[in-house]
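Survey of secondary and tertiary structure
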Amino acid sequence: VQLQASGGGLVQAGGSLRLSCAVSGSIGSITDMRWHRQAPGKQRELVASITAGGRTNYADSVKGRFTISRDNARTTVTLQMNSLKPEDTGFYYCYAAAWISKRSRDYWGQGTLVTVSS
């Protein structure tokens, strides 16, 4: 499984950005996908997740502002971010859990930087 994240950038507070994660490889083995973020000097945290069945979950800090989705072919996972705040600044990473060779495996894409100015 390979993950390629894109869509980061600089935006003013209150603005929107759309992150995309292109998925390739053993797509059928993926059990769930997530977006994590890491702010400067802080630990990486879960932002949003979506299961193979389409169930979504969000961190309390982004509920009502962010939406995770994927296309029908499950080749792209998107994070729509609205009403951005300076505290949303950080590197955003897409993650996939896949069941391969009878075990769960973790896959990470490279980070994409989101900067929200006040």
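Look above for the structure.
Here the structure is a predicted model, which means the values were calculated and not measured.

On a plain count of helices and strands, the protein comes out with 0 helices and 11 strands. Written out in order from the N terminus, the α and β elements of the protein read β-β-β-β-β-β-β-β-β-β-β. Radius of gyration (C-alpha) of the protein: 14 Å, near the 13 Å computed for a compact globule of 118 residues. Seen through its principal axes, the protein has C-alpha atoms that stretch 45 × 30 × 25 Å. Burial status across the protein gives 41% buried among its 118 residues. Partitioning the contacts of the protein with sequence separation of at least 6, the portion at a separation of at least 24 is 52%. For the protein, the accessible area works out to roughly 6300 Å², and carbon and sulfur atoms hold 47% of it.

Take the sheet that holds strand β1 (residues 2–6) next. Strand order in the open sheet made by the 4 strands is β1-β3-β8-β7, with antiparallel pairing throughout. Two strands bound the open sheet, and with one partner strand each, they are β1 and β7 (66–70). Geometrically, the sheet is characterised by an average inter-axis angle of 15° between neighbouring strands, direction not taken into account. Of the strand pairs in this sheet, β7 and strand β8 (residues 76–81) are connected by 5 bridges, and their pairing is antiparallel. Across the sheet, residue T67 finds its bridge partner in β8, namely Q80.

The rules behind the values
Residues numbered from 1 in each chain as written. Predicted model: local features only at pLDDT ≥ 70, side-chain atom pairs only at ≥ 80, totals over all residues. Heavy atoms only, no water. Helix = DSSP H or I, 4+ residues; strand = E, 2+ residues; numbered from the N terminus. Rg over C-alpha atoms; globule rule 2.2 N^0.38 Å. Buried < 20%, exposed > 50% of the residue type's maximum accessible area, 1.4 Å probe, protein only. Contact = heavy atoms within 4.5 Å. Areas by Shrake-Rupley, 256 points an atom, 1.4 Å probe, with all protein chains shown as cover. Pairing = 2+ DSSP bridges. Axes fitted to C-alpha atoms, helices over the stretch in contact; angles between N-to-C directions.

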